[in-house]
Amino acid sequence: FFKQKTAYEFRLSLVGSEMCIRDRPANTPIEEDVEVTEMLGITKYEPPIPAQLSGQVEGLFPSFLPKTDETRVQVLQKLLDMYAGKAFYVAEKLDGSSVTYYLRDGKFGVCSRNLAFIEDDKNSLWKVAKSMDIEAKLRSIGQNLALQGEIIGEGIQSNKYKIKGQTVRFFNAIDIDKYAYLSFDDFMALMLELDLPTVPILDAQYTLSNDIPTLVALATRRSMLLPATWAEGIVMRPLIEKRETLGRVSFKAINPEFLLKYGD
């Protein structure tokens, strides 16, 4: 349970007059939305990086970019109530490995979820960048820009999609100077201009429901990349990018059939 939660997801709800987490430290306030991540010593579990995704580390993930991460919908009832009835888009959540490619002040960078890597012909993130000409495509835009996506294929997460070789499907574009994500239409137009693939878009005009079981049911589906495989789930975002006090409005619903089959 703990290993898949982010700090935001450890904001507590009450069950009667007791806290959901039984072994809380003494004098912890029994109130909704109490943040207990630090006091319980909880950190997010990160699985080991597969050998083909490791390489010569240049440093930590750049501070001028947001990391890729999504909060599970089950802890976001208040946000769902706030945005119910608004226009969202729904994308398939792919089971791969996160990658960020960026161009900032002339420097091209390649990063996993937590690390930046020096150019390396053996590193899959770099190999995909070269095979898809990502650096040149970013340079053609003429601005400081980052693309975030999911590396999938041979040697990655058991290659559930049966892809030959390795490739990337993108889901974010970031204006680095503004520290802002591109909204859906701008993102899709950019991907078309750069001739780069996105994650499967399941619905580009979804009216958001605030009913969590409905959203989990929406996530219970086969993958658009390989119908014989269960999709990991879905990611939902407003068509026009929004930010709240605690961050970007973006969340995931995991497919229970995926969890049953793959034990994640």
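Reading guide: rules and limits
Positions within a chain are numbered from 1, following the residues in the order the chain's sequence is written. Only residues with pLDDT of at least 70 are given local features in this predicted model, and only at 80 or more are side-chain atom pairs given and counted; all residues enter the totals for whole chains, interfaces and linings. Calculation of side-chain values draws on the structure's entire complement of heavy atoms; hydrogens and water are dropped beforehand. Put simply, DSSP H or I for four residues or longer makes a helix, DSSP E for two residues or longer makes a strand, and each gets a number counted from the N terminus. Contacts described as polar in this section are N or O atom pairs within 3.5 Å, which, within protein, must combine one atom able to donate a hydrogen with one able to accept it, while residues neighboring in sequence count only if both atoms come from side chains. Buried residues are those whose accessible area, probed at 1.4 Å on protein chains only, stays under 20% of the maximum for their type, while exposed residues exceed 50% and partly exposed ones sit between those limits. Here, strands pair whenever DSSP counts at least two bridges between them. Here a residue-residue contact requires only that any non-hydrogen atoms of the pair lie within 4.5 Å. Where helices are involved, their axes are fitted lines through C-alpha atoms of the stretch in contact, as for all axes, and angles between N-to-C directions lie from 0 to 180°. When a carboxyl oxygen of Asp or Glu is within 4 Å of a side-chain nitrogen of Lys or Arg, the pair counts as a salt bridge. This arc is built from the directions going out from the helix axis to the C-beta atoms. Only the six-membered ring of Trp is used, alongside the rings of Phe and Tyr, when aromatic pairs are assigned; centres must lie within 6.5 Å, and planes under 30 degrees apart are stacked while those over 60 apart are edge-to-face, with the rest tilted. Two thresholds decide whether a charge sits over a ring: the Lys NZ or Arg CZ must be within 6 Å of the ring centre and within 35 degrees of the ring normal.

## Regarding the environment of Ser124
The residue Ser124 is located in helix α2 (residues 124–131) in this model. Separated by 2.7 Å, the side chains of Ser124 and Gln166 make a polar contact.

## Quick word on unusual backbone geometry
Although it is not a glycine, Asp133 adopts a positive phi angle of roughly 55°. Relative to the assigned elements, Asp133 resides in the loop between α2 and α3 (134–139). Take Asp133: its relative accessible area is 42%, and that puts it in the partly exposed class.

## A short note on the sheet that holds strand β13 (residues 233–238)
A sheet is described by the order of its strands in space; here five strands give the open sequence β4-β16-β13-β5-β12, paired in mixed fashion. At either margin of the open sheet sits one strand with a lone partner, and together these are β4 (71–72) and β12 (201–207). Taken together, the four bridges between β13 and strand β16 (residues 251–254) define a ladder with antiparallel strand orientation. Counted as the bridge partner of Val235 is Lys252 from β16. Sitting on the sheet, helix α5 (residues 212–219) is in contact with β5 (87–93), β12, β13 and β16, with an inclination near 120° to β13.

## Observations concerning the pairing of β13
In terms of residue burial, β13 counts as a mostly covered element, since six of its six residues are buried. Burial along β13 is two-sided: the residues Gly233, Val235 and Arg237 and Ile234, Met236 and Pro238 are all buried.

## Some thoughts on the side chain of Ser98
Here Ser98 lies in strand β6 (residues 97–104). Within the structure, the side chain of Ser98 is placed 2.6 Å from the side chain of Thr68, a separation counted as a polar contact. For Ser98, the contacting residues outside a window of four places in its chain are Thr68, Cys111, Ser112, Arg113, Gly149 and Glu150.

## Digging into the pairing of strand β10 (residues 166–175)
Taken across its 10 residues, β10 has seven buried, putting it largely inside the fold. With two bridges joining them, β10 and strand β11 (residues 180–181) adopt antiparallel strand pairing. Each bridged residue has a counterpart across the sheet, and for Ile174 the counterpart in β11 is Tyr181. Hairpin geometry of β10 and β11 is characterised by an intervening segment of four residues between the two adjacent antiparallel strands and by a positive phi of about 50° at Tyr179.

## Some words on the pattern of salt bridges
Under the definition given, this model contains eight salt bridges. A salt bridge links Arg248 to Glu241; the nearest nitrogen and oxygen atoms lie 2.7 Å apart. According to the relative accessible area criterion, Arg248 is buried, its value standing at 17%. Each member of the salt-bridge network shares a partner with another, and the members are Glu119, Asp121 and Lys130.

## Things to note about α5
Ile212, Leu215, Val216 and Ala219 are the residues of α5 that are buried. On an axial view of α5, the arc spanned by its buried residues comes to 100°, and they lie on one face. Buried residues along α5 sit against α1 (77–83), β12, β13, β16 and α6 (256–262).

## Brief notes about the packing of aromatic side chains
Overall, the coordinates contain eight aromatic pairs when judged by the stated rule. Both rings, one in Phe64 and one in Tyr102, keep their centres 5.2 Å apart while their planes meet at 80°; by these two values the pair is edge-to-face. Here Tyr102 lies in strand β6 and Phe64 lies in the loop between β3 (57–60) and β4, a separation of 38 residues in the sequence. No difference in accessibility class separates Phe64 from Tyr102, as the two residues are buried. Pairing Phe88 with Phe251 gives two aromatic rings, centres 6.1 Å apart and planes at 45°, and the pair type is tilted. Here Phe251 lies in strand β16 and Phe88 lies in strand β5, a separation of 163 residues in the sequence. A residue is classified by how much of its surface remains accessible, and Phe251, at 1% relative accessible area, is buried. Aromatic ring contacts, followed pair by pair, group Tyr101, Phe108, Trp126 and Phe170 into a single cluster. Sitting over the face of the ring of Phe64, Arg104 holds its NZ or CZ atom 4.0 Å from the ring centroid. One cation-aromatic arrangement involves Arg248 over Tyr181; the distance from NZ or CZ to the ring centre is 3.5 Å.

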